[in-house]
There are 2 protein chains.
Amino acid sequence: MPGFQGPRLKDVAEKANVSLSAASRILRGERQRFGAETCDRVLDAARQLGWRRNLLVNGMQTGRTRTIGVMIPPFDSFWVDVLAGIHIVLASADYLPITVWVGDCQEMPHFEKDEDEGFKQISRLLDRRVDGLILWPSFAVAYYDHFRELLERKVPVAVIDHEYSEDQIADSIETDEAASARAVAEHLVNLGHRDIACLSSREAAWQAWAVRRRECFEQAVEELGGGKVRSWRLNAWGTDGLEIAREILSQNPRPTAVFAVTDHEARYLYETAIEMGLEIPQDISVVGFADLDFAATMRPALTTMRQRPREIGRRAAQLILDRLDGDMAESPPTTIRVGADLIVRKSTARPPK
Amino acid sequence: MPGFQGPRLKDVAEKANVSLSAASRILRGERQRFGAETCDRVLDAARQLGWRRNLLVNGMQTGRTRTIGVMIPPFDSFWVDVLAGIHIVLASADYLPITVWVGDCQEMPHFEKDEDEGFKQISRLLDRRVDGLILWPSFAVAYYDHFRELLERKVPVAVIDHEYSEDQIADSIETDEAASARAVAEHLVNLGHRDIACLSSREAAWQAWAVRRRECFEQAVEELGGGKVRSWRLNAWGTDGLEIAREILSQNPRPTAVFAVTDHEARYLYETAIEMGLEIPQDISVVGFADLDFAATMRPALTTMRQRPREIGRRAAQLILDRLDGDMAESPPTTIRVGADLIVRKSTARPPK
DNA sequence: CCCGCGTGTTAAACTAGTTGAACGGGAAGC
DNA sequence: GCTTCCCGTTCAACTAGTTTAACACGCGGG
């Protein structure tokens, strides 16, 4: 029961009254060997029948499906924008991304729990013979072992927001953490803050960016004369945001500014501030990171580092395309660092006297 | 140069020392014809070599790629959640959605402008022989002509948020506009509002929901004794939101409540209210629609109808699966109406005296 | 009359399997 | 000694083309 699959090349050839191979050549663009009239006949026949090239066959023959697998968490607007960048670049190269999502939309996935499900997703991509893969760090770490297979199959892989420090086995595209953290530090120190806290995220192995963002920030503040940063982090499941925020804001002396490593953590600080009757930014300054879609509409509007997710997506896609048929097919893995921009809104001010 | 594609079945057969057809049968699950020891040998060999089924070949042979094309605008959290619902259902059936995006992330696409690009996207899906399609209305209307091809190819199509009134040629999954509009009307009329305005969106042909939402609301308010609704709508490009909002709030007498057909339009009303020094909800009540991710964090928090995008996505995916191998393969197109829930927040109150 | 050129044809091999039919050899049962 | 079963083999056809090689036909020029 192979359902009707549309007209075959054979149908086109018959309608145009030419041989199968002539039809194939003409439709592939090899026109010069044939008369103009014949070409027109074949092209017309194909159009009239609504024939379309079967990319499955093409894929079998050339080993290229013009398809790139993408695995991201469907978590927030950052990832949606990354995806947008990927789509734009791939579409213009006549490639198609196939996206699989790990985890739930409501919360950052816990890859440890979903290992099987995640690997099934990757399998679905490999079974369809994607030409390349763009992955978020979770897979890269949780399935480090499976990377062997990807390398053996020579499927180029780009990992977003995660760099392997020791043995880099795949390309990496990430936010420039050092420069970004320094920009935040400068902003706060310049405002006069000398007692600054940092609220980090879950610092799981596959959240290397969280660790680096915090460490870079701590270092930058100290270098700029802002004193020693007091740092907290969420638990492994990310469930204690409000409690940690309460702990930070209850310190005595209370820090005058808090850097949240993402806008999500900044939200906990906002909620806790309302709870405790503290005014942002009069009593405490808050800086976020990412400029997620809700950051601008928070009250007060959140000062945050705007990442460039679209550029990250674009660069990742371009890297895969270059590896596939560019000159860099064989060059060693690289790391691309994408900048971020400080967006000063209403949540930061000079420290209270 | 057909790049290395991983081990072939031939390699597995050789390693296990069996014939090609035996390997094929065993790996397909036809075990009873073979000895347990032979089966193990083949399975082991496949595992050790990392062999994986080539779905391209499968697709060619069976005419089924276990792949569903999805076309949506990457616009707001509504569509992200629809996508989430689709992914969940398809993943559990071992299908994979391939998503193409039309337009830009920042704004609702204008399909009229991008007709070529949009059709290229659909082509990319059909060229890869997707088994079914889930489309947003834009395509359904702009490319009405191309629907012929989809029907001929017997590719089941589900359209989200758009019902053809005359000749329904595809399945449709949409929000229950009549019930939802009535819920909003009841809420406002019960609060005592008797002079209610409606701010509709662009009412393009492919935004049938906007028209119906407005009309249902007008009718419901009148039936409930809330008087005659005064309605406005955005221009064809959706660029005059603030101007229209200003016009509404400058009316004399000013309506005491405004129903915005989506949360996006509610935003214009909020901005304009600040501009004009009006307090929400003391001076004017505002109701949105969709409960997009920013609705809860607006100040005051927006009262809105929460659509069920995930359910819409799930139902759409399920419908496609049922059409593919269920009993309803041949039944006529249906329309599924999904409910919505009124979320009362802080933007509605009794009308000012 | 033969050569070469422009067109186009046929046949075969190839992508990676899947599937049906026929068949073969050893062992057990009768 | 014959039949039957079990286990497995080989062969061929099939999915939808792509590509190479060899070849054929008619026309114009020499």
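J.: What's the story with the overall build of chain A in this structure? I'm lost.
T.: Counting its secondary structure elements, chain A contains 13 helices and twelve strands. In summary, chain A has a C-alpha radius of gyration of 26 Å against a globular reference of 20 Å for 353 residues, an excess of more than 25%. Based on the C-alpha atoms only, the size of chain A along its principal axes is roughly 90 × 40 × 40 Å. At a minimum sequence separation of 6, the contacts of chain A that also span at least 24 residues come to 72%.

J.: Sorry if this is basic, but what is going on with helix α3 (residues 36-49) of chain B here?
T.: Because an α-helix packs 3.6 residues into every turn, residues spaced three or four apart end up facing the same way. Residue and element names in this part refer to chain B. The end-to-end C-alpha separation of α3 is 20 Å, in line with the 20 Å expected for 14 residues at 1.5 Å each. Here α3 has its buried residues at Thr38, Cys39, Val42, Ala45 and Ala46. Along the axis of α3, the buried residues cluster in a sector spanning 135°; they form a single face. Exposed residues lying more than 90 degrees from the buried face of α3 are Ala36, Glu37, Arg47 and Gln48. Buried-residue contacts for α3 involve α1 (9-16) and α2 (20-28).

J.: I would appreciate a short explanation of the side chain of Ser77 of chain B in the present structure.
T.: Residues and elements named next belong to chain B. Structurally, the position occupied by Ser77 is in helix α5 (residues 77-92). Taking relative accessible area as the criterion, Ser77 reaches 15% and is therefore assigned buried. Aside from chain neighbours lying at most four places away, what touches Ser77 is Leu292 and Asp293.

J.: Got a minute to help me understand the pattern of salt bridges in this structure?
T.: If the charged atoms of two oppositely charged side chains come close together, the side chains can form a pair. Considering all chains together, one arrives at 48 salt bridges over all chains under this definition. Between Glu37 of chain B and Arg41 of chain B there is a salt bridge, and its shortest N-O distance comes to 3.0 Å. With Glu37 of chain B and Arg41 of chain B both in helix α3 and four residues apart, this pair spans about one turn of that helix. You can call Glu37 of chain B exposed: its relative accessible area is 53%. Residue Arg246 of chain B pairs with Glu275 of chain B through a salt bridge whose shortest N-O separation is 2.7 Å. Residue Arg246 of chain B is located in helix α11 (residues 241-249), and its partner Glu275 of chain B is located in helix α12 (residues 263-276); the two are separated by 29 residues in the primary sequence. Note on Arg246 of chain B: relative accessible area 32%, which makes it partly exposed. Via salt bridges that share partners, Arg52 of chain A together with Asp127, Glu149 and Arg153 of chain B belong to a single interconnected network.

J.: Explain the environment of Val258 of chain B here, please?
T.: All names here are of chain B. Locating Val258 in the fold gives a position in strand β8 (residues 257-260). Through-space distance from the C-alpha of Val258 to that of Pro7 is 64 Å; in sequence the pair is 251 residues apart. The contact partners of Val258, leaving out residues within four places of it in the chain, are Ala197, Leu199, Ile248, Leu249, Leu269, Ile284, Ser285, Val286 and Val287.

J.: Mind showing me how you'd approach the protein's contact with DNA strand D here?
T.: The environment of DNA strand D is made up of 23 residues, and the closest members are Ser24, Arg25 and Gln61 of chain A together with Gly35 and Thr38 of chain B. Atoms of DNA strand D within 4 Å of the protein: sugar and phosphate make up 64%, bases the balance. Here a phosphate oxygen of DNA strand D sits 2.6 Å away from a polar atom, N or O, in the main chain of Gly35 of chain B. Elements with a contribution of two residues or more to the surface near DNA strand D: α2 (20-28) and α4 (55-62) of chain A together with α2 and α4 (55-62) of chain B. Looking at which element gives the most residues to the surface near DNA strand D, the answer is α2 of chain A, with four residues. In terms of residue class, the surface near DNA strand D is built from seven nonpolar, eleven polar and five charged.

J.: When you look at the interface of chain A and chain B in this model, what are you seeing that I'm missing?
T.: Many authors give the size of an interface as the accessible area that is lost as the parts come together. The partner chain B presents 59 residues to the 59 residues of chain A that form the contact. When chain A packs against chain B, the two sides together hide about 5,000 Å² of surface, and 53% of this comes from carbon and sulfur. Contact with chain B buries area across many residues of chain A, yet Arg52, Leu56 and Arg128 of chain A alone supply 16% of it, more than any other trio. One can count six salt bridges joining chain A with chain B. A salt bridge links Asp94 of chain A to Arg124 of chain B; the nearest nitrogen and oxygen atoms lie 2.5 Å apart. At the surface where chain A touches chain B, the tally comes to 23 residue pairs in polar contact (both at pLDDT 80 or more). No other element matches the eight residues that helix α6 (residues 115-127) of chain A contributes to the side of chain A that touches chain B.

J.: Whenever I open this one, the domain arrangement of chain A confuses me. Can you help?
T.: The domains assigned to chain A are domain 1 (9-53), domain 2 (64-175 + 309-338) and domain 3 (177-307). The C-alpha-based centres of domain 1 of chain A and domain 3 of chain A are spaced at 64 Å.

J.: Would you mind showing me how to read the protein's contact with DNA strand C here?
T.: Not every one of the 24 residues close to DNA strand C is listed here, only the nearest: Gly35 and Thr38 of chain A together with Leu9, Ser24 and Gln61 of chain B. Take the atoms of DNA strand C that sit within 4 Å of the protein: sugar and phosphate atoms are 62% of them. Here Gly35 of chain A contributes a backbone N or O atom positioned 2.6 Å from a phosphate oxygen of DNA strand C. Arg28 of chain B places a polar side-chain atom, nitrogen or oxygen, 3.3 Å from a phosphate oxygen of DNA strand C. Sorting the residues of the surface near DNA strand C by element identifies α2 and α4 of chain A together with α2 and α4 of chain B as the ones contributing at least two each. If you tally residues by element for the surface near DNA strand C, the top one is α2 of chain B, at four residues. When the residues that make up the surface near DNA strand C are grouped by side-chain class, the tally is eight nonpolar, eleven polar and five charged.

Conventions adopted
Residues numbered from 1 in each chain as written. Chains lettered and ligands numbered in written order. Predicted model: local features only at pLDDT ≥ 70, side-chain atom pairs only at ≥ 80, totals over all residues. Heavy atoms only, no water. Helix = DSSP H or I, 4+ residues; strand = E, 2+ residues; numbered from the N terminus. Rg over C-alpha atoms; globule rule 2.2 N^0.38 Å. Contact = heavy atoms within 4.5 Å. Expected span 1.5 Å × (residues − 1). Buried < 20%, exposed > 50% of the residue type's maximum accessible area, 1.4 Å probe, protein only. Arc of directions from axis to C-beta. Salt bridge = Lys/Arg side-chain N within 4 Å of Asp/Glu carboxyl O. Near = heavy atom within 4 Å. Polar contact = N/O pair within 3.5 Å; in protein donor to acceptor, adjacent residues only side chain to side chain. Nonpolar A, V, L, I, M, F, W, Y, C, P; charged D, E, K, R; others polar. Buried area = accessible area lost by both parts, 1.4 Å probe. Domains from an automatic or database assignment.

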